[in-house]
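What the coordinates show
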Protein chains: 2
Amino acid sequence: MRNILLTICYDGSNYHGFQIQDNALTVQEVFQDALGKIVKEHVDIKGCSRTDAGVHAYMYCISMKIESRIPCNNLVMALNRFLPKDVSVLSAQEVPIDFHARYSCLGKEYIYKIWNARIRNPFMEGRALHYWYPMDINSLNEAGLNYVGTHDFTSFSTLDKREVKDMTRTVTDFKVEREGNLVIMRVRANGFLYNMVRIMVGTLIHVAMGKINPQDIAEIILCKNRKYAGPTAVPYGLYLNKVFYSEMDLKKNDV
Amino acid sequence: MRNILLTICYDGSNYHGFQIQDNALTVQEVFQDALGKIVKEHVDIKGCSRTDAGVHAYMYCISMKIESRIPCNNLVMALNRFLPKDVSVLSAQEVPIDFHARYSCLGKEYIYKIWNARIRNPFMEGRALHYWYPMDINSLNEAGLNYVGTHDFTSFSTLDKREVKDMTRTVTDFKVEREGNLVIMRVRANGFLYNMVRIMVGTLIHVAMGKINPQDIAEIILCKNRKYAGPTAVPYGLYLNKVFYSEMDLKKNDV
């Protein structure tokens, strides 16, 4: 038995997130279908996170235990042959048998794209939020700094029956940058609550609109109440960008 | 009567080119539909060029004569409200009454995008040709330099009954650049024959593959025979990028 870590990349426009669902197409489903054409065994697939419908991934990680001896490089090529064109496998490598894409994950980085111009960009449709009023990057960064640190992020999460335990997460980085008309928010943390990034972004949109001040963010965190934060920003501006694991786990390299 | 020049931008994936057709959706059709919701007169629309199905435009120009006194800025906003999200109007301005988007055009610039990596990029699907073998930018530039100048480009055109006259065009610029895994070919000319850019690109792909040498391009031009050039590259890598008019025509500015 081998344990394989795969990194994939996908445009989430046509999918209801990663995790398999009844009555809705998911990335996991098309991945399993492609895999079924290559290996003739039942394979249990572990994704690094749930993602919502419409959310994209520049890097998403999957771990799976298989009996097949197919070399990792061949597995990448074969999967890409059978996957739809909006999903691609970037790499595959063997990892220790107890590695788990989700539970072994040390942290993740998301980016959120905002097309900030009066006129919409046809090439950013379904790939960025369109916000047409001016955005002051300095005040957004000032606001975003309040996210950094170890906090109870209850105010920045959607109630979810599956999420019952600790609401504390450590955000290590939050930066806002402008590249022309594109404003990119980048957040790195050891873990994220359900809808956490999208609510963080929606709250910064309220800062941009002048509805709240940058320094209000600290207080919103302290309230531990969803109603004080801003709206949940649209899913299609969100990209899972990086997934971090221990170097020990990735040592047994086979790409 | 006013003559209005509009610049628009569109993702061509869902359209059979600009020019109106029976039984196929075109950009002109959705534009006319949107315009019909704003002005109550028949408007004759002139596009700056025919474009093929799947071809994109960062800048495409339209001229039209209208009686309506709607200010240009309001026209832009109203059109964007009624257009589908993969088409947007960037600007509108009044131009001299004899201006014509196609006949007044002094030149155009196209770019062609190639995703040059072993693994396809889901975010470039329908937006770039995928070519996975190495491309030597220097030899492509050496080859492309042969396109520059005033030549009979018969070898680089698809036979077209509408195209009966002079096959001579002046290419003023041809450059190939790499931005990471993206290779961008950029060509500027006073005019283009049917499929000219796509055949120029397809011929450079033959250079990249080693099927022909960079210096063979000059001879292929001299042959004046389509069969010596490379294949017509896929339409979806092609973007109309700039359209040039005389400053005299654009002087009467109203944006």
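Residues numbered from 1 in each chain as written. Chains lettered and ligands numbered in written order. Predicted model: local features only at pLDDT ≥ 70, side-chain atom pairs only at ≥ 80, totals over all residues. Heavy atoms only, no water.

Take the overall build of chain A next. Tallying secondary structure elements over chain A gives six helices and ten strands in all. Scaling as 2.2 N^0.38, a compact globule of 255 residues should have a C-alpha radius of gyration of about 18 Å, and chain A matches this with 19 Å. Seen along its three principal axes, the alpha-carbon backbone of chain A occupies a region of about 60 × 40 × 35 Å. Residues counted as buried form 55% of the 255 residues belonging to chain A. (Helix = DSSP H or I, 4+ residues; strand = E, 2+ residues; numbered from the N terminus. Rg over C-alpha atoms; globule rule 2.2 N^0.38 Å. Buried < 20%, exposed > 50% of the residue type's maximum accessible area, 1.4 Å probe, protein only.)

The operation relating chain B to chain A is a screw motion whose rotation component is 180 degrees, with 0.0 Å of axial translation and a residual RMSD of 0.0 Å. Given the turn and translation reported, the copies of this chain are related as if by a two-fold rotation axis. Rotation axis and chain B: the residue whose C-alpha lies nearest the axis is F123 of chain B, separated from it by 5.2 Å. Counting the interface residues of chain B, we find that 100% of their copies in chain A are interface residues as well, pointing to one common contact surface. (Least-squares fit on C-alpha atoms with pLDDT ≥ 70 in both. Contact = heavy atoms within 4.5 Å.)

Let us look at helix α2 (residues 72-82) of chain B. Among the residues of α2 of chain B, those classed as buried are C72, L75, V76, A78, L79 and N80 of chain B. Elements that come into contact with the buried residues of α2 of chain B comprise β1 (2-10), α1 (27-36), β3 (56-66) and β4 (87-95) of chain B.

Before going further, it helps to spend a moment on the domain arrangement of chain A. All names here are of chain A. Partitioning chain A into structural domains gives domain 1 (2-104) and domain 2 (107-241). Taken together, the contact between domain 1 and domain 2 spans 15 residues of the former and 18 residues of the latter. Across the domain 1/domain 2 interface, buried area totals approximately 1300 Å², and carbon plus sulfur atoms make up 46% of it. For the domain 1 face of the interface with domain 2, the top three residues by lost area are R50, H56 and Y58, together amounting to 47%. Across the domain 1-domain 2 interface, the total number found is two salt bridges. For the salt bridge of R127 with D11, the shortest nitrogen-to-oxygen distance reads 3.0 Å. (Domains from an automatic or database assignment. Buried area = accessible area lost by both parts, 1.4 Å probe. Salt bridge = Lys/Arg side-chain N within 4 Å of Asp/Glu carboxyl O.)

Attention now moves to the side chain of S139 of chain A. All names here are of chain A. Tracing the chain through its elements places S139 in helix α3 (residues 137-145). The exposure class of S139 is buried, given its relative accessible area of 19%. Apart from residues lying up to four places away in sequence, S139 is in contact with V207 and P214.

Moving on: the environment of A53 of chain B. Among the structural elements, A53 of chain B can be located in the loop between β2 (45-47) and β3. Not counting the four nearest positions on each side in its chain, A53 of chain B is found in contact with Y15, H16, G17 and P235 of chain B.

A word on the confidence of the model for chain A. With 96% of its residues at a pLDDT of at least 70, chain A reaches an overall mean of 94. Per the prediction output, this complex has pTM 0.92; the corresponding ipTM is 0.91. (pLDDT = per-residue confidence, 0-100.)

This part covers the interface of chain B and chain A. The interface is formed by 26 residues belonging to chain B together with 26 residues belonging to chain A. In total, about 2100 Å² of surface goes out of reach between chain B and chain A, with carbon and sulfur atoms giving 57% of it. Summed over the three residues of chain B that lose the most area to chain A, namely R120, P122 and F123 of chain B, the buried surface amounts to 35% of that side. Where chain B touches chain A, the interface holds zero salt bridges. Remark: the boundary between chain B and chain A carries 14 residue pairs in polar contact (both at pLDDT 80 or more). Going through the elements one at a time, β1, β3, α2 and β4 of chain B are the ones with two or more residues in the side of chain B that touches chain A. Looking at the side of chain B that touches chain A residue by residue, the classes come out as 15 nonpolar, four polar and seven charged. (Polar contact = N/O pair within 3.5 Å; in protein donor to acceptor, adjacent residues only side chain to side chain. Nonpolar A, V, L, I, M, F, W, Y, C, P; charged D, E, K, R; others polar.)

A few words on the pairing of strand β8 (residues 168-179) of chain A. Residues and elements named next belong to chain A. Sheet topology places strand β7 (residues 149-152) next to β8; four bridges connect them, and they run antiparallel. Bridge pairing links H151 to R169 in β8. As defined by bridge partners, β8 adjoins strand β9 (residues 182-189) across eight bridges and the pair is classed as antiparallel. Looking at β9, one finds that E177 is bridged to I184. (Pairing = 2+ DSSP bridges.)

Okay, the environment of V171 of chain A next. All names here are of chain A. Relative to the elements of secondary structure, V171 occurs in strand β8. V171 sits in the buried class, given a relative accessible area of 1%. For the pair V171 and V187, spaced 16 residues apart in sequence, the C-alpha separation works out to 7.3 Å. With residues up to four places along the chain from it excluded, the contact list for V171 reads Y147, V148, G149, F153, V187, R188, A189, M196 and M200.

What follows concerns the packing of α1 of chain B against α2 of chain B. Residues and elements named next belong to chain B. For the pair α1 and α2, interaxial distance at closest approach is 9 Å and the crossing angle is 115 degrees. Judged by the twist between their axes, the crossing of α1 over α2 is right-handed. The residues of α2 that touch α1, namely those facing F31, A34 and L35, are L75, L79 and F82. Classifying every residue of the contact of α1 with α2 gives six nonpolar, no polar and no charged. (Axes fitted to C-alpha atoms, helices over the stretch in contact; angles between N-to-C directions. Left-handed = near helix turned anticlockwise from the far one by under 90°.)

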